[in-house]
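Here are the chains, one letter per residue:
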Amino acid sequence: MIALFNHFAFEFKAGLRDSTLLLMNYLFPLVFYALMGLVMVQVNPPFAEALIPAMVIFATMASTLLGLPGPLVESREAGIYRSYKVNGVPALSIVLIPALTTSFHVLIVSTFIALTGKPLFGGALPVNWIAFVLITLLGVFTCTSLGALIGVVAGDSRSVVLLSQLVFLPSMLLGGLMVPLSLLPSSVHPFSLLLPAAHAMQAYTGFAYGQETVVAPLISALVLGISGLLSFGLAIHLFNWDSRNSSRRGHSLMALLVIVPYLIALVVLI
Amino acid sequence: MMKNMAIRVEGLRKVYADVVAVDGATFEVHRGEVFGLLGPNGAGKTTILECLEGLRQPDDGHLDVMGVDPSRNGRKLRNVIGVQLQTSGLPATMRVDEAMAFFCAYHGVAARYDLLDRLGLSEKRSSQFALLSVGQQRRLALALAIAHRPPVLFLDEPTAGLDVASRSELHLLIDELRVAGTTVVLATHDMAEAEKIAARVAILLGGRIVATGTPRELTATGEGYTKVSVRTEQSLLCRDGAHFPAVYRRNVLDDYTVYFSHDPAATVSAILHYLDEREDQLVDLRVERPSLEERFLEITST
């Protein structure tokens, strides 16, 4: 228990000491939040309705998809996991603890956004705060698990950026963060519904804001939960201690299984 | 496994793609012994250590470390071994004292900050790993490897990047550990180091063990010569190329004439007689057995 606490404390501090992590955990999401609050709400007033959930999802994706995977790959490449292994640090801790500390950073930023969204930028508050908190936790869990999986399967530092951006950029464009899913062309919906951001926005819109959604929010919440569990399980299963030692328990393409819940939801919805 | 045996390696084979890294290595290490694995780059030293440390799965053979099979019981292995890896990676932002607390907690022992003082890291306790010099990083890795007082210690190139004082301190520490009963296996390029601190060594070449024994045993075998180096006032020996009994090779190095002899007593006696007859004064005379390095070069060049 002391070991886990020490590990958690170190990883949490690393999220503040490391300039890249500090940028992804705090500076990038908060600056973007300020810009969206100052500019986007003025340019497009209906955006105020989605400001808080959209910026919470953005902060979640910045930390978990852009911040978390890189250090996992770099640590493997630098032989840090080999040092960990010979000193008895279990694989579960290596994946779980950075995921937990990243979640902690995300929740700090999310709380700030939720509390300041209305007084600073006139953002709409949720009508159901409990649902808002639960969906936030669910979204953080799903994205953190996905980030950990990307960190585990990415072969090197370059491919980790590619894989992260493969989820992050479409989420920004098609996930319903900037433009509600209901306003996007219906031909785009199948692509949107392959993204966790779109399902998180649907769940917020339906459960926390009590508004109409394109997808039943319960289905979105289920997709998020199942894909989060699947991502985390695969991240543990496919974890590799050593980039020079290619023996892992399964092929990295197994990670594509994570898309299955989204595909099933798509088939059910269409 | 016999009671006094700490490590047994039997027919170890490890292949990477089509490269045979270790081919049928067999050796034993006694408890409380310092055992050296010597060999040129790519000889298989690190692979053998990594198999013993549980970092790699052998393709064939049997391994035993204090009664534990490294490839099957990793968790139990962690408590009986300490490891200083060739490349000691720690997170860049981890501080020295955090690293000690972190690893000791995973081993279930109290943090050994005294080791940081002992290894000259007391002033660096608050420094982040990335800001340490290579030598300091190596010393920290060693401190972490011995913090839980393991009965077996694996050191991979332990003095790489260390200055003379740190090397000397490390040799003292290894000797203390040996006296306390710790079994030490070290892989090194440094023959002088192996000769100084290892009770026995194995020389590896192309994944095979080509010689095993004490440094004295190894240097006594092979060509079996003794070096006799002579310097005189008139440098007569350098100039006239006289022949002496039991000498099979002669070199001139600076003002010294070096004879490689199978019978140093006969050679020295004849040299002194020769100089006396020609009234040349002896300035320096050295009789040296070949070093482990010379024996190593002899083995690896054949």
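Bear in mind that the values here come from a model prediction, so they are computed numbers and not experimental data.

### Comments concerning the overall build of chain B
Assigned secondary structure in chain B consists of eleven helices and 13 strands. Judged by the C-alpha coordinates and their principal axes, chain B covers about 75 × 45 × 35 Å. For chain B, with 302 residues in total, the buried portion stands at 52%. In chain B, the proportion of contacts linking residues at least 24 apart, taken out of those at least 6 apart, comes to 68%. Counting every atom, chain B has about 13500 Å² of accessible surface; 48% of that belongs to carbon and sulfur. Both charge centroids of chain B, one from 34 positive and one from 41 negative side chains, sit 7 Å from each other.

### Some points on the packing of helix α7 (residues 129–153) of chain A against helix α8 (residues 157–174) of chain A
Residue and element names in this part refer to chain A. Where α7 meets α8, the closest approach of the two axes is 9 Å, and the angle between their N-to-C directions is 150°. Between α7 and α8, the crossing angle belongs to the class labelled roughly antiparallel. Here α7 runs over α8; the crossing is right-handed. Residues L146, I150 and V153 of α7 lie in contact with α8, whose contacting residues are V160, L163, S164 and V167. Grouping the amino acids of the contact of α7 with α8 by side-chain chemistry returns six nonpolar, one polar and no charged.

### Examining the domain arrangement of chain B
Each domain of chain B was delimited in the assignment, giving domain 1 (5–220) and domain 2 (226–290). The gap between the C-alpha centroids of domain 1 of chain B and domain 2 of chain B is 43 Å.

### Here we look at the sheet that holds strand β10 (residues 226–232) of chain B
Residue and element names in this part refer to chain B. Strand order in the open sheet formed by four strands is β11-β12-β10-β13, and the pairing between neighbours is antiparallel. Each edge of the open sheet carries a strand with a single partner, namely β11 (247–253) and β13 (282–288). The sheet shows a mean angle of 15° between the axes of neighbouring strands, direction not considered. Direction of pairing for β10 relative to β13: antiparallel, over a ladder of six bridges. Bridge pairing in β13 links V228 to V287. Helix-sheet contacts for helix α10 (residues 264–277) involve β10, β11, β12 (256–261) and β13, and the interaxial angle to β10 is about 15°.

### Remarks on the packing of helix α3 (residues 51–67) of chain A against helix α6 (residues 91–121) of chain A
Residue and element names in this part refer to chain A. Between α3 and α6, the shortest axis-to-axis distance is 9 Å and the interhelical angle comes to 155°. Put simply, α3 runs roughly antiparallel to α6. Seen along the crossing, α3 lies across α6 with a hand that is right-handed. Counting all contacts with α3, which are made through L51, I52, M55, V56, A59, T60, S63 and T64, the residues of α6 involved are T102, V106, V109, S110, I113, A114, G117, K118 and F121. Here the contact of α3 with α6 is composed, by residue class, of ten nonpolar, six polar and one charged.

### Quick notes on the pairing of β10(B)
Looking down a regular strand, the side chains alternate between one sheet face and the other. Residues and elements named next belong to chain B. In terms of burial, β10 is a largely internal element, six of the seven residues being buried. By the bridge criterion, five bridges tie β10 to β12 in an arrangement that is antiparallel. Across the sheet, T226 pairs through a bridge with S261, a residue of β12.

### Observations regarding the pattern of salt bridges
All names here are of chain B. Scanning all chains against the criterion turns up 18 salt bridges over all chains. Measuring nitrogen to oxygen at the nearest pair gives 3.7 Å for the salt bridge that ties R72 to D69. Residue classification places R72 among the exposed positions, given a relative accessible area of 74%. Taking relative accessible area as the criterion, D69 reaches 22% and is therefore assigned partly exposed. Taking the shortest distance from any N to any O, the salt bridge between D114 and R112 comes out at 3.2 Å. Looking at D114, the relative accessible area reads 42%, which means it is partly exposed. The buried category is assigned to R112, whose relative accessible area is 13%.

### Quick notes on helix α11 (residues 217–237) of chain A
Residue and element names in this part refer to chain A. When the terminal C-alpha atoms of α11 are compared, their 30 Å separation across 21 residues agrees well with the 30 Å that a helix rising 1.5 Å per residue should span. Residues P217, S220, A221, V223, L224, G225, S227, G228, S231, F232, L234 and A235 constitute the buried set of α11. If you follow the buried residues of α11, they end up packed against α6, α7, α10 (196–208) and α12 (260–269).

### Description of the side chain of H171(B)
Within the fold, H171(B) resides in helix α6 (residues 164–179). Among the residues examined, H171(B) registers a relative accessible area of 9% and is labelled buried.

### So, the interface of chain A and chain B
Contacts between chain A and chain B engage 27 residues on the former and 24 residues on the latter. For the pairing of chain A and chain B, the buried interface totals around 2300 Å² over both sides, and the portion due to carbon and sulfur atoms is 57%. On the surface where chain A and chain B come into contact, there are three salt bridges. Close ionic contact of K13(A) with E98(B) constitutes a salt bridge, the shortest N to O distance being 3.0 Å. Put simply, chain A and chain B have eleven residue pairs in polar contact (both at pLDDT 80 or more) between them. The greatest single-element share of the side of chain A that touches chain B, amounting to nine residues, is contributed by helix α1 (residues 2–17) of chain A. Looking at the side of chain A that touches chain B residue by residue, the class counts come to twelve nonpolar, eight polar and seven charged.

### Comments concerning the sheet that holds strand β1 (residues 5–16) of chain B
Residues and elements named next belong to chain B. Read across the open sheet, the three strands follow the order β2-β1-β4; overall the sheet is antiparallel. Strands at the two margins of the open sheet, each flanked by one partner only, are β2 (19–30) and β4 (60–65). In this sheet, adjacent strand axes meet at a mean angle of 15° when their direction is disregarded.

### A short note on a nonpolar patch on the surface
Residue and element names in this part refer to chain A. Nonpolar side chains collect at one region of the surface, where L230, L257, I259, V260, L263, I264, V268, L269 and I270 lie side by side and expose about 760 Å² of accessible area between them. The leading source of residues in the nonpolar patch is α12, at five residues. Note that L263 resides in helix α12.

### Some words on the packing of aromatic side chains
One pass over the full model with this rule turns up 22 aromatic pairs over all chains. With centroids separated by 4.1 Å and ring planes inclined at 20°, the aromatic side chains of F32(A) and F58(A) adopt a geometry described as stacked. One end of the pair, F32(A), is in helix α2 (residues 19–43); the other, F58(A), is in helix α3, with 26 residues separating them in the sequence. Both residues of the pair, F32(A) and F58(A), count as buried. With centroids separated by 5.1 Å and ring planes inclined at 80°, the aromatic side chains of F102(B) and F103(B) adopt a geometry described as edge-to-face. Comparing F102(B) with F103(B) shows no difference in burial state: the two are buried. Here the aromatic residues F10(A), Y81(A), Y84(A), F239(A), W241(A), F102(B), F103(B) and Y106(B) are joined through ring pairs into a cluster of three or more. Against the face of Y113(B) rests R125(B), its NZ or CZ located 4.5 Å from the ring centre. One Lys or Arg, R249(B), reaches over the ring of F260(B) and ends 4.2 Å from the middle of that ring.

Parameters at a glance
Residues numbered from 1 in each chain as written. Chains lettered and ligands numbered in written order. Predicted model: local features only at pLDDT ≥ 70, side-chain atom pairs only at ≥ 80, totals over all residues. Heavy atoms only, no water. Helix = DSSP H or I, 4+ residues; strand = E, 2+ residues; numbered from the N terminus. Buried < 20%, exposed > 50% of the residue type's maximum accessible area, 1.4 Å probe, protein only. Contact = heavy atoms within 4.5 Å. Areas by Shrake-Rupley, 256 points an atom, 1.4 Å probe, with all protein chains shown as cover. Lys, Arg positive; Asp, Glu negative; His and termini not counted. Charge placed at Lys NZ, Arg CZ, Asp CG, Glu CD. Axes fitted to C-alpha atoms, helices over the stretch in contact; angles between N-to-C directions. Parallel < 35°, antiparallel > 145°, perpendicular 65-115°, else oblique. Left-handed = near helix turned anticlockwise from the far one by under 90°. Nonpolar A, V, L, I, M, F, W, Y, C, P; charged D, E, K, R; others polar. Domains from an automatic or database assignment. Pairing = 2+ DSSP bridges. Salt bridge = Lys/Arg side-chain N within 4 Å of Asp/Glu carboxyl O. Expected span 1.5 Å × (residues − 1). Buried area = accessible area lost by both parts, 1.4 Å probe. Polar contact = N/O pair within 3.5 Å; in protein donor to acceptor, adjacent residues only side chain to side chain. Patch = residues over 30% accessible without salt bridge, like charges linked within 9 Å, V, L, I, M, F, W, Y side chains within 5 Å. Phe/Tyr/Trp six-rings, centres within 6.5 Å; stacked < 30°, edge-to-face > 60°. Lys NZ or Arg CZ within 6 Å of the ring centre and 35° of its normal.

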